[in-house]
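Residue-level structural notes
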Amino acid sequence: MQRWLFAQKDMENAAAASNAGELAAGIGPYLTISREAGAGGSEIARLVGEAIGWEVLDRKLLECVAERYDTSPAVLKLVDEPRPNWLTEMFGSWLDPASVSQMQYVCRLSRVILMAARAGEVVYVGRGAQFVLPRERGLRVRLLAPLKYRIQQVIERQHFEFRGGE
């Protein structure tokens, strides 16, 4: 039994390596930008995209997934970076047939990321694109910023009022 399991694992590893080579063939170049909240990743991606003439996919990725899979963008926003909820994952489709599980969303998002990468030069902002695309075909950037700066950016973007010291 163990020999059979090891043989299966070897076959799976060989298939994965073969698929990875096929996957990389039509992809690139690309740029992925992951960022801390408030670090300005979307703005930097927009500026870089304009400077080099590449399409920038940020929240637009959700719109693409919604259109491609005929799903409401509001439904996708519910699973776009939520805290895991096993109850919703298990029974969500029974309660609401239009709901999408986290796994379905990730698979659909991955397909759209790959389709865009094959279609042209793209700057991806977030959404885990750096985990989907082959490393050797593009550049991955992680944006960091001091906490104080990030808090200030979120306050300004969300039009919050800060009352310090209370």
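As shown above, the structure is provided for reference.
Residues numbered from 1 in each chain as written. Predicted model: local features only at pLDDT ≥ 70, side-chain atom pairs only at ≥ 80, totals over all residues. Heavy atoms only, no water.

Remarks on the pattern of salt bridges
Pairs may arise between side chains of opposite charge once their charged atoms sit close together. All chains considered together, the criterion is met by four salt bridges. R46 is the partner of E43 in a salt bridge, and the nearest nitrogen-oxygen pair spans 2.5 Å. Of this pair, E43 and R46 both sit in helix α2 (residues 41-52), three residues apart, which is roughly one turn of the helix. Given a relative accessible area of 41%, E43 falls into the partly exposed group. Several salt bridges converge on common partners, so that one network encompasses E43, R46 and E50. (Salt bridge = Lys/Arg side-chain N within 4 Å of Asp/Glu carboxyl O. Helix = DSSP H or I, 4+ residues; strand = E, 2+ residues; numbered from the N terminus. Buried < 20%, exposed > 50% of the residue type's maximum accessible area, 1.4 Å probe, protein only.)

Re the packing of aromatic side chains
Inspection of the entire model under this criterion finds zero aromatic pairs. Over the ring of Y69 we find R68; its NZ or CZ atom is 5.6 Å from the centre of that ring. (Phe/Tyr/Trp six-rings, centres within 6.5 Å; stacked < 30°, edge-to-face > 60°. Lys NZ or Arg CZ within 6 Å of the ring centre and 35° of its normal.)

Observations regarding the nonpolar core
If you look at the biggest cluster of nonpolar residues, it comprises 21 residues, and the most contacted ones within it are L61, L76, I113, Y124 and L133. Elements that contribute at least two residues to this core include exactly α3 (60-68), α4 (73-79), α6 (102-119) and β3 (122-125). In terms of residue count, the dominant contributor to this core is α6 (seven residues). Sequence-distant contacts of L61, that is, excluding residues within four places in its chain, are made with L109, V112, I113, Y124 and R127. (Core = buried A, V, L, I, M, F, W, Y, C linked by side-chain atoms within 4.5 Å. Contact = heavy atoms within 4.5 Å.)

Brief notes about the environment of V141
Relative to the helices and strands, V141 is located in strand β4 (residues 139-143). Counting along the chain gives 16 residues from V141 to V125, while the straight-line C-alpha distance between them is 9.7 Å. What V141 contacts, discounting residues up to four positions off in sequence, is L31, T32, I33 and S34.

Read these as layout, nothing more, since geometry by itself doesn't imply function.
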